[in-house]
Amino acid sequence: MATCPNCGRKIPWWNIKAECKQCGVSIPNFNWMERLEEDNAHAEAAFTVFYRTMNRVRYSLFGTKLRIVRFVLTFLPAVAFIIPWSTVSSTGESFQLTLFSFTGAKSALDIFLQIFNNFSVIWEYMQFEGFFGPTTFLIVGTIFYFLSALFIVIAFFMNIIKCKKPKTKSAITFDVITIAFSIVAVSLFSLSASFSASEKAFSVGEFAAYDFSGGFFWGYIIAAVLFLVALGINTAVVIAPAKSDETLEEERLAKVAVKEAKEREEEIRKAKEREEAAKAHEEEQKRIIEEAKRKVAEQKAKEEAKKKKKK
């Protein structure tokens, strides 16, 4: 139930009249100037928050040369996930700890899909191993592989989410977690091949391996270097000095002023061009008229000369 802004009388929901029955004031128009000023103040506050947030997002990603380098290098660790970290070769199916395998072996993505499609079969085999065997290590290593991929993506987005804190260490934290999970992933995946002496075969859902062997692959060294580079650049950004909100807003306003000045200059130039074009058109029209008058005068002179000859 609403109330009259002037006298405070309660207004029933079915009352559709604009005037209050008690004091007669127009409710929609009551104190509209102050309400308009209040709305303007709220709008200015909202725009201030918006501009401050956008300043921080831009600064976090491209604010300095170091941050631009970080933005570029952020996408470099993606290369680490298309290089095999570990391999398990067999006379049956072979496995590689990589997102996509180019050798015909089953990739981490193939194993991950098997977890969804044949989880009950895989779970029974893991129980049969006592959760300590090639299948268990292969599955858990693959899970940690995808967790490391997830956390490296989160590390990038933390730079945006925590943009209000330009010296936040959240990206560093997730980079460290990524490296830790990748070590666990490659270690477990490689250890699955170490059971070749005691286990002659194992399966991962529809995939079966016989007389298997393998282990650590040199591709993980490249991956580890890329992860460390991402960690190092995030650490360098945290150590470097950062600009305040006031400085960023001053820079934004300065850029806006320069842009507006260029737009004014461009508008003045176009107006001058239009004025010159109008003058040129006017002069051209005068010339055409003068030329037409001259031709008419010449024609009249010729006609008069012919009349005089006839006389």
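Residues numbered from 1 in each chain as written. Predicted model: local features only at pLDDT ≥ 70, side-chain atom pairs only at ≥ 80, totals over all residues. Heavy atoms only, no water.

J.: Quick one: what's the story with the packing of helix H2 (residues 65-74) against helix H7 (residues 219-239), residue by residue and with numbers?
T.: Two elements in contact, H2 and H7, have axes whose closest approach is 10 Å; the angle formed by their N-to-C orientations is 160°. Judged by the inter-axis angle, H2 sits roughly antiparallel to H7. H2 and H7 meet at a crossing whose hand is left-handed. Contact residues: H2 offers Leu-66, Arg-67, Val-69, Arg-70 and Leu-73, while H7 offers Val-229, Ile-233, Asn-234, Ala-236 and Val-237. Class assignment for the residues of the contact of H2 with H7 results in seven nonpolar, one polar and two charged. (Axes fitted to C-alpha atoms, helices over the stretch in contact; angles between N-to-C directions. Helix = DSSP H or I, 4+ residues; strand = E, 2+ residues; numbered from the N terminus. Parallel < 35°, antiparallel > 145°, perpendicular 65-115°, else oblique. Left-handed = near helix turned anticlockwise from the far one by under 90°. Contact = heavy atoms within 4.5 Å. Nonpolar A, V, L, I, M, F, W, Y, C, P; charged D, E, K, R; others polar.)

J.: Please provide a residue-by-residue account of the pairing of strand E3 (residues 86-89), values included.
T.: Two faces belong to every sheet, and in a regular strand the side chains alternate between them. Of the pairings in the sheet, the one linking E3 to strand E7 (residues 213-216) comprises four bridges and is antiparallel in character. By the bridge assignment for E7, Val-88 is matched with Gly-214. Across two bridges, the pairing between E3 and strand E4 (residues 95-96) is antiparallel. Residue pairing across strands places Val-88 opposite Phe-95, the latter belonging to E4. In this structure, the hairpin formed by E3 and E4 is closed by a connection of five residues. (Pairing = 2+ DSSP bridges.)

J.: Give me a nonpolar patch on the surface: which residues, what numbers.
T.: On the surface, a cluster of nonpolar side chains totalling about 640 Å² of accessible area is made up of Leu-76, Val-79, Ile-82, Phe-100, Phe-102, Leu-109 and Leu-113. Mapped onto the secondary structure, Leu-109 falls in helix H3 (residues 108-117). (Patch = residues over 30% accessible without salt bridge, like charges linked within 9 Å, V, L, I, M, F, W, Y side chains within 5 Å. Areas by Shrake-Rupley, 256 points an atom, 1.4 Å probe, with all protein chains shown as cover. Salt bridge = Lys/Arg side-chain N within 4 Å of Asp/Glu carboxyl O.)

J.: Could you give an account of the packing of aromatic side chains, with specific residues and numbers?
T.: By the definition in use, this model includes 28 aromatic pairs. Centroid distance Phe-156 to Phe-157: 5.2 Å. Interplanar angle 70°. Geometry classified as edge-to-face. In this structure Phe-157 comes out as partly exposed when scored by relative accessible area, which is 43%. (Phe/Tyr/Trp six-rings, centres within 6.5 Å; stacked < 30°, edge-to-face > 60°. Buried < 20%, exposed > 50% of the residue type's maximum accessible area, 1.4 Å probe, protein only.)

J.: Summarise the environment of Leu-188; cite the residues concerned and give the values.
T.: Tracing the backbone shows Leu-188 in helix H6 (residues 170-192). Under the relative-accessibility criterion, Leu-188 is labelled buried at 18%. Along the backbone, Leu-188 and Thr-178 are ten residues apart, and their C-alpha atoms lie at a distance of 15 Å. Discounting chain neighbours no more than four positions away, the residues touching Leu-188 are Phe-137, Val-140, Gly-141 and Phe-144.

J.: Tell me about the packing of H3 against helix H5 (residues 134-161), and name the residues and values.
T.: Axis separation between H3 and H5 bottoms out at 10 Å; the angle between their running directions is 110°. What the angle tells us is that H3 and H5 run roughly perpendicular. H5 is crossed by H3, and the crossing has left-handed handedness. Where H3 approaches H5, its residues Ala-108, Leu-109, Ile-111, Phe-112 and Ile-115 are matched on the opposing element by Leu-138, Ile-139, Thr-142, Ile-143, Tyr-145 and Phe-146. Split by residue class, the contact of H3 with H5 holds ten nonpolar, one polar and no charged.

J.: Would you mind going over the sheet that holds E4 in detail, with residue names and values included?
T.: Ordered by their spatial adjacency, three strands build an open sheet running E4-E3-E7, and the pairing between neighbours is antiparallel. With partners counted over all chains shown, the strands left at the sheet margins are E4 and E7, one partner each.

J.: Residues and numbers for the pattern of salt bridges, please.
T.: In the structure shown here, the tally under the stated rule is nine salt bridges. Of the charged contacts in the structure, one is a salt bridge between Glu-267 and Arg-274, with a shortest N-O distance of 3.4 Å. Taking the shortest distance from any N to any O, the salt bridge between Glu-291 and Arg-294 comes out at 2.3 Å. Of this pair, Glu-291 and Arg-294 both sit in helix H8 (residues 245-310), separated by three residues, roughly a single helical turn. The exposure class assigned to Glu-291 is partly exposed, which follows from its relative accessible area of 27%. Here the residues in one salt-bridge network are Glu-266, Arg-269 and Glu-273, joined through shared partners.

J.: So, the nonpolar core: which residues are in play, and what are the values?
T.: Trp-85 and Phe-95 are the most contacted members of the largest nonpolar core, which has 36 residues in total. Setting aside residues no more than four positions away along its own chain, Phe-95 makes contact with Ser-86, Thr-87, Val-88, Ala-105, Lys-106, Ile-111, Leu-138, Phe-189, Phe-202, Val-204, Phe-207 and Ala-209. (Core = buried A, V, L, I, M, F, W, Y, C linked by side-chain atoms within 4.5 Å.)

J.: Describe a negative patch on the surface, and please don't skip the residues or the numbers.
T.: A surface patch of negative charge is lined by Glu-34, Glu-37, Glu-38 and Asp-39. Locating Glu-34 in the fold gives a position in helix H1 (residues 32-62). (Lys, Arg positive; Asp, Glu negative; His and termini not counted. Charge placed at Lys NZ, Arg CZ, Asp CG, Glu CD.)

J.: An account of the side chain of Ser-86 is requested, with residue identities and associated values reported.
T.: Mapped onto the secondary structure, Ser-86 falls in strand E3. A residue is classified by how much of its surface remains accessible, and Ser-86, at 0% relative accessible area, is buried. Polar side-chain contacts of Ser-86 include one of 2.9 Å to the side chain of Ser-190. Ignoring sequence-local partners within four residues, the contact set of Ser-86 consists of Phe-95, Gln-96, Leu-97, Val-186, Phe-189, Ser-190, Gly-215, Phe-216 and Phe-217. (Polar contact = N/O pair within 3.5 Å; in protein donor to acceptor, adjacent residues only side chain to side chain.)

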